Amino acid sequence: MGSEDVYILGTRTTKFGKHKEHDTLDLATEATLAALADGGVTMKDMNIIAAGNLMGGAMAIAQAIQKACGQTGIPAYNVSNACATGATALRVAGMSIKAGESDFGLAVGVEKLAGAGLLAGGSRKQDGKSWERTGRYGAVAGVDGRIGTDIMPGVFAQIGMEYGHKYGGANFELFAEISRKNHSHSTLNPLAAYSKEMTLEEIMGDVMIAYPNTRPMCSANCDGAAAAVLVSGTKLKTLSQEQQRRAIKVSASILTSDPYEEACQVLPNVNTLTRVAAKQAYEQAGVGPEDLDLVELHDCFATAELVHYDNLMLCEEGGAVDFFKSGASWRTGSTPVNVSGGLQSKGHPIAATGIANVWEVCHHLRGEAGPRQIEGARVGLAHVIGLASACGVHILESNSA
Amino acid sequence: MSEQIPFINYLVLGDEPHLVASECTACGARFFDRRNACAGCSGTDFKSVDIPTQGEVRAFTIVAFAAPGIEVPFVSAIVDCGGTSVRTNIVNVEPSPDHVKLGMPVKLTTFPIGKDDEGVEAINFGFEPAA
Ligand SMILES: [Zn+2]
């Protein structure tokens, strides 16, 4: 495979939440300049930029970022891969370094989503005056709500329920408990969109969106940006001791799409591509799930977190319910999961998410996470999945002795 | 009686309403949409197969919050019909977790969803509790 090792030299996310006074470029620029400063480099050092933004219209975000904070004429890649957009940008920049084309690369994800509501994916156009077949299924009118659901809280509810049907033990209360964990974790994260402890009763008693997902069990739409500066192993050796000490090794960078299986075009299969990505990542990094000191996984809904314990092989196959009930995924447990608060409380500015979770892991591996620091963290995993589908898994390792 | 048409291409009306799928003649993968080729093996030859009208609920959700114009709550489900997964609403049941269960046996049913300006009635399908 590639000859160059890839390291994260600098990374930063903005505060997630409502940024009324800031537009997409304000947020992207803030994260970009902060990531560059964190790495002790400037835009002039970068050899490639890869960036993503899903909701900002037709703007070429990578060039827009350059126009906002440094037009150096480097190759710019605009990437789009649903919720895996940020991870894809990171991987594009990383591949260029691995291939020996670049010494430094910049990856950025940004989204303005606050107030977008919970209905991503759901819509139904008004019925026409006469039935007319459209689309590849030849429906005479809108399908959402007439033949199942298109809304993400509903799709992922079914994914969690399917796991419960297959292995047992997953019910409303269990999914709400998972959400309680993440909301509890978020109280230590000053950059989270929501950082409020919630009781089980509050979570279960909140507005039902799609059973068993109530509102606090759904990812929070918010504004935010995240950026990371990557550097080759060779170049890193020429940088300062401090830069080398704080650099985080990208031990594995994997992207998969969903292979064909029965039912995958009826209900998205988020399991197989995640499991395949995890397997490849562990192999590439030469570590196993038992070596992970923390995991940031894609809890777009409480029902999703459960299945990914299994898909990332944090537990035995079929053992996700017992794994959670053992307390393993709390920050005090054996494999802390989503100590940032996860997407349910930290927030989910779609294109930023796949870099923000890498930032969170790096923060701990550098020992800079303050009150929420996982003590002695050396190895972490960041996972995202976007429907349609794309899965990104990064395994990160501390570089200091 | 006014003219009736199926709501969606893969529903067949008549005395025994049922769903049909395109089955890849090379690998057996089944699809409900118009196909260019098979997602499983890239084959391009398909035959039409009837899907069993009985099945069991493999996954469900009760949607309580949806886009304007969509009546809530409703039950969305994935039904396993003899090894072929079908996306559907579960109908003729109270939309509550006390009444909808994983593994519940269900059967296909059809119902009108309305007439257009020419008086043509569109018939949709759902699955309802069996027995
Ligand atoms: Zn085939």
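See the structure shown above.
Predicted, not measured: the structure shown is a model, and the values here were computed from it.

A. Quick peek at the coordination of the zinc ion. All names here are of chain B. Listed as protein donors to the zinc ion are C24 (SG), C27 (SG), C38 (SG) and C41 (SG); their distances from the metal cover 2.3 Å. Considering all 4 donor atoms around the zinc ion, angles at the metal cover 100 to 116° and the coordination shape is tetrahedral. Going along the chain, you hit the donors of the zinc ion in the pattern C-x2-C-x10-C-x2-C. Separated by 11 residues along the polypeptide, C27 in the loop between β3 (18–24) and β4 (30–31) and C38 in the loop between β4 and β5 (46–51) bring together distant segments of the chain. Residue C27 is classed as partly exposed on the basis of its relative accessible area of 40%.

B. Spotlight on the packing of aromatic side chains. Applying the stated criterion to the full structure yields 12 aromatic pairs over all chains. Between Y10 of chain B and F32 of chain B, the aromatic rings sit 4.7 Å apart at their centres with planes inclined by 40°, giving tilted as the arrangement. In this pair, Y10 of chain B sits in the loop between β1 (4–6) and β2 (11–12) while F32 of chain B sits in the loop between β4 and β5, placing the two residues 22 residues apart along the sequence. For F32 of chain B, a relative accessible area of 13% corresponds to the buried category. Site record: aromatic cluster; members linked through ring pairs are Y137 of chain A together with Y10, F32, F125 and F127 of chain B. Across from the ring centre of F31 of chain B, 3.9 Å away, lies the NZ or CZ of R35 of chain B, which sits over that ring.

C. Spatial organisation of the nonpolar core. Ranked by size, the top nonpolar core spans 93 residues in total, and within it L306, Y309 and L314 of chain A together with L19, F125 and F127 of chain B carry the most contacts. In terms of residue count, the dominant contributor to this core is helix α9 (residues 271–285) of chain A (6 residues). In contact with L306 of chain A, not counting residues within four places along its chain, are Y163, A170, L174, F175, I178, A320 and V321 of chain A. In terms of nonpolar packing, the next biggest core, distinct from the first, is built from 31 residues, L90, A228, C362 and A382 of chain A among them.

D. Representation of the interface of chain A and chain B. In this assembly, 42 residues from chain A lie in contact with 55 residues from chain B. Ranking the residues of chain A by area buried against chain B places W131, R136 and I147 of chain A at the top, with a combined share of 19%. Counting across the chain A and chain B interface gives 2 salt bridges. Inspection of the region where chain A meets chain B yields 27 residue pairs in polar contact (both at pLDDT 80 or more). Of all the elements in the fold, those that place two or more residues in the side of chain A that touches chain B are α4 (152–167) and β5 (208–211) of chain A. Here the side of chain A that touches chain B gets 7 residues from one element, more than from any other, and that element is α4 of chain A.

E. Up close: the sheet that holds strand β11 (residues 390–398) of chain A. Residues and elements named next belong to chain A. Here we have 9 strands laid out as an open sheet, ordered β3-β2-β4-β7-β1-β8-β11-β10-β9, and mixed in their pairing. Every other strand in the sheet has two partners, leaving β3 (76–78) and β9 (294–296) as the edge strands with one partner each. Strand after strand, the sheet turns through a mean of 25° between neighbouring axes, direction not considered. In this sheet, strand β8 (residues 248–257) lies alongside strand β1 (residues 6–13) in antiparallel orientation, the contact comprising 2 bridges. The residue of β8 that forms the bridge with Y7 is K249.

F. Region of the structure containing the packing of helix α5 (residues 172–186) of chain A against helix α10 (residues 302–311) of chain A. Residues and elements named next belong to chain A. With their axes 8 Å apart at the nearest point, α5 and α10 run at an angle of 90° to one another. Taken together, the axes of α5 and α10 lie roughly perpendicular to each other. On the side of α5, the interface is formed by L174, F175, I178, S179, K181 and N182, while α10 contributes A302, T303, E305, L306 and Y309. Partitioning the contact of α5 with α10 into residue classes produces 6 nonpolar, 3 polar and 2 charged.

G. Representation of the environment of H22 of chain A within the structure. Residues and elements named next belong to chain A. Locating H22 in the fold gives a position in the loop between β1 and α1 (24–39). Separated by 90 residues in the primary sequence, H22 and K112 have C-alpha atoms spaced 9.1 Å apart. Aside from chain neighbours lying at most four places away, what touches H22 is L27 and K112.

Cut-offs applied
Residues numbered from 1 in each chain as written. Chains lettered and ligands numbered in written order. Predicted model: local features only at pLDDT ≥ 70, side-chain atom pairs only at ≥ 80, totals over all residues. Heavy atoms only, no water. Donors = N, O, S within 2.8 Å, 3.2 Å for Na, K, Ca; no water. Tetrahedral: all angles 85-135°; square planar, octahedral: opposite > 155°, others 65-115°. Helix = DSSP H or I, 4+ residues; strand = E, 2+ residues; numbered from the N terminus. Buried < 20%, exposed > 50% of the residue type's maximum accessible area, 1.4 Å probe, protein only. Phe/Tyr/Trp six-rings, centres within 6.5 Å; stacked < 30°, edge-to-face > 60°. Lys NZ or Arg CZ within 6 Å of the ring centre and 35° of its normal. Core = buried A, V, L, I, M, F, W, Y, C linked by side-chain atoms within 4.5 Å. Contact = heavy atoms within 4.5 Å. Buried area = accessible area lost by both parts, 1.4 Å probe. Salt bridge = Lys/Arg side-chain N within 4 Å of Asp/Glu carboxyl O. Polar contact = N/O pair within 3.5 Å; in protein donor to acceptor, adjacent residues only side chain to side chain. Pairing = 2+ DSSP bridges. Axes fitted to C-alpha atoms, helices over the stretch in contact; angles between N-to-C directions. Parallel < 35°, antiparallel > 145°, perpendicular 65-115°, else oblique. Nonpolar A, V, L, I, M, F, W, Y, C, P; charged D, E, K, R; others polar.

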